[in-house]
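Residue-level structural notes
Chain by chain, the residues:
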Amino acid sequence: QGRDGQTRTHPAMLLKWVRGKRVRSASASPAQPRRPAPPGKDQELERTPVPEPRESAVGPQQPPTPSMPLHLAVATAKKTRAAAEQRVLAGSSPAGAASAAAAPVPPPALEPLEAPAVEAVDEVAAGAARLRASLSPEEMHQLDVAKAAFAAAGGVTDAYSDAFVLRFLRFNRWSSARAHQQLRATAEWRGRPLVRGGRSPDEVRAWYRDGGHAPAECPDVARLWSVLPFLLEHRKSHGGEPLAFASLGLSDMEAFFSSLTQAQWSNANLYGLEYLLLRLDQESLAQGRLVTAVQLFDCHGIGLQHVMPRVFRRLKDAVQLPDRYYPELFSQIVAFNILPIAVRAYELIRPLLSKAIQERIRLATPARSEGLPLSLAPPSSLPACYGGSLAQLPEDVAAALGIDKLGAGCLAGASGGGPFPGGPPPL
């Protein structure tokens, strides 16, 4: 009520009254008629009433949700009605029917996918984990850094690279600077062929690893073994290390120089080293430790033909390869049945070897050689001539090296009883 005594309606109160009327009308029964909004200047606040739910030709209409604002409810109703009318019109015309038929059919609901079966544990990865578990955290860090340095220098890595790189760290007594320097030089050397037209060391490793080949499948290796009996792997020692045998006294040096050129000898030596290195890396992962080999040289029968200057000229490069590019290949190098002439031959070679290699070489005279092989390996790994239980070359050894495919008499000395002096008969 104003000062003049007249009663007036405040616009805000009017708006509240209008909204209250709508809420009451929406909650009332559909049969009750709606009260018209009072006329006045606020007439524009009135909205189009929401139609009641009913069945029609265009389909059912849903009432607005009570919690939905009024203007949104009206807009939703209009869109629903327009879409329903379009569906009816499209279905009643031929073009509409054709377009409806051509419309893509929604894909059926996809069935829930079953969880994939758990794959078998990768034995190589498990072996790498076992090998790493044998290292301290600091050693594992140095191994990772050394592998990165080798790869950055162009080195080719594979599943057995942990064992491969670890050899360089152990050989250099965990000096990262010296190990990285040797790894960089090795990466460069392994990427190029050792002889013209041949495979590089990396390619030879892949030839064994991925192709499943045996050493004797290389013609130069087969030719070498026909004049110098050399078994790259002959079962294992007491400590689980692969044994390598060479009967130096049975080698025919005249045939060695007449049947093999310097390039063929170098290539055969490369294939032998790569086979042994890969087998040692594989054994390292299988045993969870860095595995090396035990090399046995039987010097029985060595004479003047084996210590001539031309022999040392040909062997000079080969005896330096383990120090340069194949560290930690052997834990022991045992030369037994050695005579003074063989000792003098070793004295000529020794300056070419590193101190680490020299410390692992053991020389035994014939008087001290009896029973020596048995102190290194069980009888099941040794031929009868060394006190073992093997009457002939084991089939597993012959198959692994590819000797079984070459036939009898392929090894030097086979006509005299096999690759060992006075030992097993030929294959």
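Up top you'll find the structure we're talking about.
Below: a short report on this structure. This one's a predicted model, so the numbers in the text were calculated from it and none came from an experiment.

**A short note on the sheet that holds strand 5 (residues 361-363)**
- A sheet is described by the order of its strands in space; here 5 strands give the open sequence 1-2-3-4-5, paired in mixed fashion. Edge positions in the open sheet fall to strand 1 (230-231) and strand 5, since each of these has one partner strand only.
- Bridge count between strand 3 (residues 293-298) and strand 4 (residues 330-336): 6 bridges; the pairing is parallel. If you follow Ala293 over to strand 4, its bridge partner there is Phe330.

**Considering the packing of aromatic side chains**
- For the structure on display, the rule yields 12 aromatic pairs.
- With centroids separated by 5.4 Å and ring planes inclined at 50 degrees, the aromatic side chains of Phe150 and Phe164 adopt a geometry described as tilted. Here Phe164 lies in helix 6 (residues 161-171) and Phe150 lies in helix 5 (residues 137-152), a separation of 14 residues in the sequence. The same class applies to Phe150 and to Phe164, which are both buried.
- Judged by centre distance (5.5 Å) and plane angle (65 degrees), the ring pair of Tyr208 and Tyr275 falls under edge-to-face. Here Tyr275 lies in helix 11 (residues 262-287) and Tyr208 lies in helix 8 (residues 201-209), a separation of 67 residues in the sequence.
- A relative accessible area of 5% places Tyr208 in the buried class.

**A word on the packing of helix 8 against helix 11**
- Where helix 8 contacts helix 11, the two axes come as close as 9 Å, and the packing angle between them is 60 degrees. Classed by the angle they form, the pair helix 8 and helix 11 counts as oblique. The interaxial crossing formed by helix 8 with helix 11 has right-handed handedness. In contact with Pro201, Val204, Arg205, Trp207, Tyr208 and Arg209 of helix 8, helix 11 contributes Leu270, Tyr271, Glu274, Tyr275, Leu277, Leu278 and Asp281.

**Regarding the environment of Ile302**
- Here Ile302 lies in the loop between strand 3 and helix 12 (309-325).
- Considered as a pair, Ile302 and Ser251 are 51 residues apart in the sequence and their alpha carbons are 8.7 Å apart.
- Look past the residues within four positions of Ile302 in its chain and what remains in contact with it is Leu248, Gly249, Ile341 and Ala342.

**Observations regarding helix 11**
- Between its first and last C-alpha atoms helix 11 spans 37 Å; for 26 residues at 1.5 Å apiece the expected length is 38 Å, and the two agree.
- Among the 26 residues that make up helix 11, 20 are buried, leaving the element largely enclosed by the rest of the structure.
- After helix 11 finishes, the residue Gly288 shows a positive phi value of roughly 70 degrees.

About the cut-offs
- Residues numbered from 1 in each chain as written.
- Predicted model: local features only at pLDDT ≥ 70, side-chain atom pairs only at ≥ 80, totals over all residues.
- Heavy atoms only, no water.
- Pairing = 2+ DSSP bridges.
- Helix = DSSP H or I, 4+ residues; strand = E, 2+ residues; numbered from the N terminus.
- Phe/Tyr/Trp six-rings, centres within 6.5 Å; stacked < 30°, edge-to-face > 60°.
- Buried < 20%, exposed > 50% of the residue type's maximum accessible area, 1.4 Å probe, protein only.
- Axes fitted to C-alpha atoms, helices over the stretch in contact; angles between N-to-C directions.
- Parallel < 35°, antiparallel > 145°, perpendicular 65-115°, else oblique.
- Left-handed = near helix turned anticlockwise from the far one by under 90°.
- Contact = heavy atoms within 4.5 Å.
- Expected span 1.5 Å × (residues − 1).

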